[in-house]
Amino acid sequence: MSSAIVTPIAAPIAAPVALDGIAIASQIKLELAAEVAVARAQGSTPGLAVVLVGGEAASEMYVRSKVRACTELGMYSEMHTRAGTATTEELLGLVASLNAREEIDGILIQLPLPEHVDTARLLEAVAPEKDVDGLHPMNMGRLLRGAAAEQVLAPCTPAGIMEMLRRSDIPVRGKRAVVLGRSSIVGKPVAAMLLNASATVTVCHSQTRDLVAITREAEILVAAIGRAGFVTKDMVRPGATVIDVGIHRMVTKAEVERFFPGDAARLAGLAKRGSTIVGDVDPAAFAVSGAYTPVPGGVGAMTIAMLMVNTVKAARMRRG
Ligand code: NAP
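Each value, and the rule that gives it
- For every chain, the first residue of the written sequence is number 1, and numbering continues from 1 along that sequence.
- Totals for whole chains, interfaces and linings use every residue, but because this is a predicted model, local features are given only for residues with pLDDT of at least 70 and side-chain atom pairs only at 80 or more, for both listing and counting.
- The side-chain values count all of the structure's non-hydrogen atoms but skip hydrogen atoms and water molecules.
- Secondary structure elements follow DSSP: runs of H or I no shorter than four residues count as helices, runs of E no shorter than two count as strands, and numbering proceeds from the N terminus.
- Here the globule rule reads 2.2 Å times residues to the power 0.38, and the radius of gyration is calculated from C-alpha atoms.
- Categorising residues by exposure relies on relative accessible area from a 1.4 Å probe, with only protein chains included: less than 20% of the type maximum marks a residue as buried, more than 50% marks it as exposed, and the intermediate range marks it as partly exposed.
- Whether two residues touch is decided by their heavy atoms; if any such pair falls within 4.5 Å, the residues are in contact.
- Whether a residue is near a molecule or strand is decided by its heavy atoms; if any one of them lies within 4 Å of it, the residue is near.
- Polar contact is the term for a pair of N or O atoms within 3.5 Å; when the atoms are in protein, one must be able to donate a hydrogen and the other to accept it, and sequence-neighboring residues count only if both atoms are side-chain atoms.
- Accessible surface is estimated by sampling points in the Shrake-Rupley manner with a 1.4 Å probe; for residues, cover comes only from the protein chains shown.
- Every patch collects residues that have over 30% relative accessible area and no salt bridge, joining them within 9 Å if they carry like charges and within 5 Å if they are nonpolar side chains (Val, Leu, Ile, Met, Phe, Trp, Tyr).
- Counted as salt bridges are all cases of a side-chain nitrogen of Lys or Arg within 4 Å of a carboxyl oxygen of Asp or Glu.
- Segment limits for the domains were obtained from an automatic or database-derived domain assignment.
- At least two bridges found by DSSP between two strands is the condition for calling them paired.
- Only rings of Phe, Tyr and Trp enter the pairing, Trp through its six-membered ring, and a pair is recorded when the two centres are within 6.5 Å. The plane angle decides the type: under 30 degrees is stacked, over 60 is edge-to-face, the rest tilted.
- The criterion is that NZ of a Lys, or CZ of an Arg, lies within 6 Å of the ring centre and within 35 degrees of the ring normal, and then a charge sits over that ring.

1. Digging into the overall build of the chain
For the chain, the helix and strand inventory stands at eleven helices and eleven strands. Here the C-alpha radius of gyration of the chain, 22 Å, is about what a compact globule of 320 residues would show, namely 20 Å. Taking all 320 residues of the chain together, 48% fall into the buried category. Taking the intrachain contacts of the chain between residues at least 6 apart in sequence as the baseline, contacts between residues at least 24 apart amount to 72%.

2. So, the site of the ligand
Around the ligand sit 21 residues in total, of which R182, S183, S206, V245 and T303 are the nearest. Interatomic distance of 3.4 Å between a backbone N/O atom of V245 and a nitrogen atom of the ligand. The side chain of T303 places a nitrogen or oxygen atom 2.8 Å from an oxygen atom of the ligand. Starting from 930 Å² of accessible surface for the ligand in isolation, the protein chains cover 70%.

3. Section: a nonpolar patch on the surface
Together, M61, Y62 and I247 make up an exposed nonpolar region whose accessible area comes to about 290 Å². Tracing the backbone shows Y62 in helix α2 (residues 57-72).

4. Topic: the domain arrangement of the chain
Looking at the chain, the domain boundaries give domain 1 (44-133) and domain 2 (154-302). Computed from C-alpha coordinates alone, the two centres of domain 1 and domain 2 are separated by 28 Å.

5. Structural notes on the sheet that holds strand β7 (residues 220-223)
Pairing in this open sheet of six strands is parallel, and the strands run β1-β11-β8-β7-β5-β6 from one edge to the other. The open sheet has two edge strands, β1 (17-18) and β6 (200-204), and neither has a second partner. As defined by bridge partners, strand β5 (residues 176-180) adjoins β7 across four bridges and the pair is classed as parallel. Its bridge partner lying in β7, A177 is registered against I220.

6. A closer look at the packing of aromatic side chains
Within this structure, the stated rule accounts for one aromatic pair. With 4.3 Å between their ring centres and 15° between their planes, F286 and Y292 make a pair best called stacked. On the accessibility criterion, Y292 (17% relative accessible area) is buried. Lying across the ring of F260, R266 places its NZ or CZ 3.8 Å from the centre.

Spelled out as structure tokens, the structure:
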């Protein structure tokens, strides 16, 4: 009897999976619309007030998208536009009036505010139970204390990251997570949320030494540093989940060709719209990951959906 010779075949290397923020956000909005319909039928439509100070084009665009999302979901919304010369006192008066109104569940102050406005004072004036941006010290404190997700209003972008991981079945418990950036809006809260989910977390910033050695250990790497294409291939542990929070608008062909060499679709997008965006991660680095969030269509797509989640949650917690 002849014995067969078995040649071992190397296990195939799985292609990196793009985590589709647009699809996940759509699913979240579908679920929310159903909850909003029930609330409306009971006569308590969730309501969001958005405050826009000054006429900065990007801020105005973001605010309009937030108001549009409310309308799509059947929620009430209103926009309060104030001139860039508005004083802190005037804005505090507006916040106080919104705090007092029963039909307003969420108050969002679009950032950044003009330099002369005391941003911290204004954010702290928002009633914590209406703080749908999750930036009030009370909500930050609850997050740090490890309050259950359904009982805390957490900042929208970090909450979106955690929701993407959860809905994509990417385990966090026990994983080595590295967060690049320590801002109050992204880096610190996402680090707290990863820690609450039992990851082992390292936070890096501009003074961190041996950055590459640290990022290469990450099974989950979150890049939120505000530098286009900063995270390169050599910084990523093969198979890691890479979350790219950065948003950088590119307007020249040279910039696009630097990050997306030979990508005809990107160049066509630039020609059509006059700009295209890249994140904090060099797109070439995604190739060594196990999963990653594309830019656009990743984390950015989740942020407004999580604002809607927070508004409905705020209504549920406050009104019962
Ligand atoms: P930020 O406030 O400017 O904070 C940047 C952080 O990165 C700081 O902690 C800084 O360290 C750190 N950093 C800068 N250079 C570094 C370097 N060379 N090595 C290591 N760390 C470095 O930024 P942010 O508001 O968190 O935003 C980060 C990015 O996310 C931006 O591109 C922003 O546009 C984007 N973003 C996207 C969304 C979304 O919805 N997708 C939402 C918010 C922000 P130091 O503290 O030491 O200065």
